[in-house]
Amino acid sequence: MARKNQIKRMQKQRSALLKRMIKPTDKRLKPEDRAKTTEPKKKSTDELKTIERTQVSSAMFFQYNTQLGPPYHILVDTNFVNFSIKNKLDIIKTMMDCLYAKCIPYITDCVQAELEKLGPKYKLALRIIKDSRFERLPCMHRGTYADDCLVQRVTQHKCYIVATNDKDLKRRIRKIPGVPIMNVALNRYVIERMPDAFEPMAKK
């Protein structure tokens, strides 16, 4: 019984609110306002809705990423070279031992400039990257911050493996689908996030 009374009270309140509302035919409304209230909004049929969907790179899905495969193209970071020297690892030989395939290391202008800035302590690292087996990638952008340069390159082209031990750079690279990471661990190179087709080779 109490429930029925409550429903009746709510219905009376709603009807009271509706009565308070100004009707479109009310004399107090100006002609312009009346036209706005009475005329329903017309949907324009002439305007066609265009939905933009960006093309998803096939490299985002490892099983379809044909850009990754032997010979591997490896973008080398500054600290990767330094860690390799500390662990007395031959960069190209150890890369090939890790991936069981031919590897081509790439050095960008930014990475070389970063090593040059570090001073005479890193003369050996500079001598190593100037080896003829290392391919040079010219940088057309402004500034010499290597991390930004490497992230930009792998975002545009998914054919590279990034060789780095930098925690911040690795965190940024992990956010880009389809880009494996190589790093120095336990006196050898370890590959992270390789395509399914090449994973057994990386784990051997």
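Where an unreviewed UniProt entry is consulted, the protein appears under the name rRNA-processing protein FCF1 homolog, with the organism given as Anopheles darlingi. Here the protein is described in UniProt, under the heading Sequence similarities (unreviewed entry), as follows: "Belongs to the UTP23/FCF1 family. FCF1 subfamily."

Draft legend 1. Structural view of the nonpolar core. Of all hydrophobic cores here, the largest spans 31 residues; its most connected members are Ile-74, Phe-80, Met-95, Leu-99, Met-182 and Tyr-189. Ranked by the residues each element gives to this core, the list is headed by helix 4 (residues 91-99), at 5 residues. Apart from the residues lying within four places of it in its own chain, the contact partners of Met-95 are Ile-74, Val-76, Phe-80, Cys-103, Pro-105, Met-182 and Tyr-189. Membership of the second largest hydrophobic core comes to 14 residues, among which are Leu-137, Leu-150, Ile-173 and Ile-176.

Draft legend 2. Inspection of the pairing of strand 4 (residues 160-163) at higher detail. Neither face of strand 4 is open: one carries Tyr-160 and Val-162, the other Ile-161 and Ala-163, and all of them are buried. The pairing of strand 1 (residues 72-76) with strand 4 spans 4 bridges and is classified as parallel. Directly across from Ile-74, in strand 4, lies its bridge partner Ile-161. Bridge count between strand 4 and strand 5 (residues 181-185): 2 bridges; the pairing is parallel. Residue Ala-163 lies in a different strand from strand 5, and its bridge partner there is Met-182.

Draft legend 3. The arrangement of the side chain of Asp-77 in detail. If you trace the backbone, Asp-77 turns up in the loop between strand 1 and helix 3 (78-86). Side chain to side chain, Asp-77 and Thr-164 meet in a polar contact 2.9 Å long. Excluding its chain neighbours within four sequence positions, the residues that come into contact with Asp-77 are Val-111, Glu-114, Asp-147, Leu-150, Ala-163, Thr-164, Asp-166 and Leu-169.

Rules and cut-offs
Residues numbered from 1 in each chain as written. Predicted model: local features only at pLDDT ≥ 70, side-chain atom pairs only at ≥ 80, totals over all residues. Heavy atoms only, no water. UniProt positions renumbered as here; feature names shortened; annotations may be inferred. Core = buried A, V, L, I, M, F, W, Y, C linked by side-chain atoms within 4.5 Å. Buried < 20%, exposed > 50% of the residue type's maximum accessible area, 1.4 Å probe, protein only. Helix = DSSP H or I, 4+ residues; strand = E, 2+ residues; numbered from the N terminus. Contact = heavy atoms within 4.5 Å. Pairing = 2+ DSSP bridges. Polar contact = N/O pair within 3.5 Å; in protein donor to acceptor, adjacent residues only side chain to side chain.

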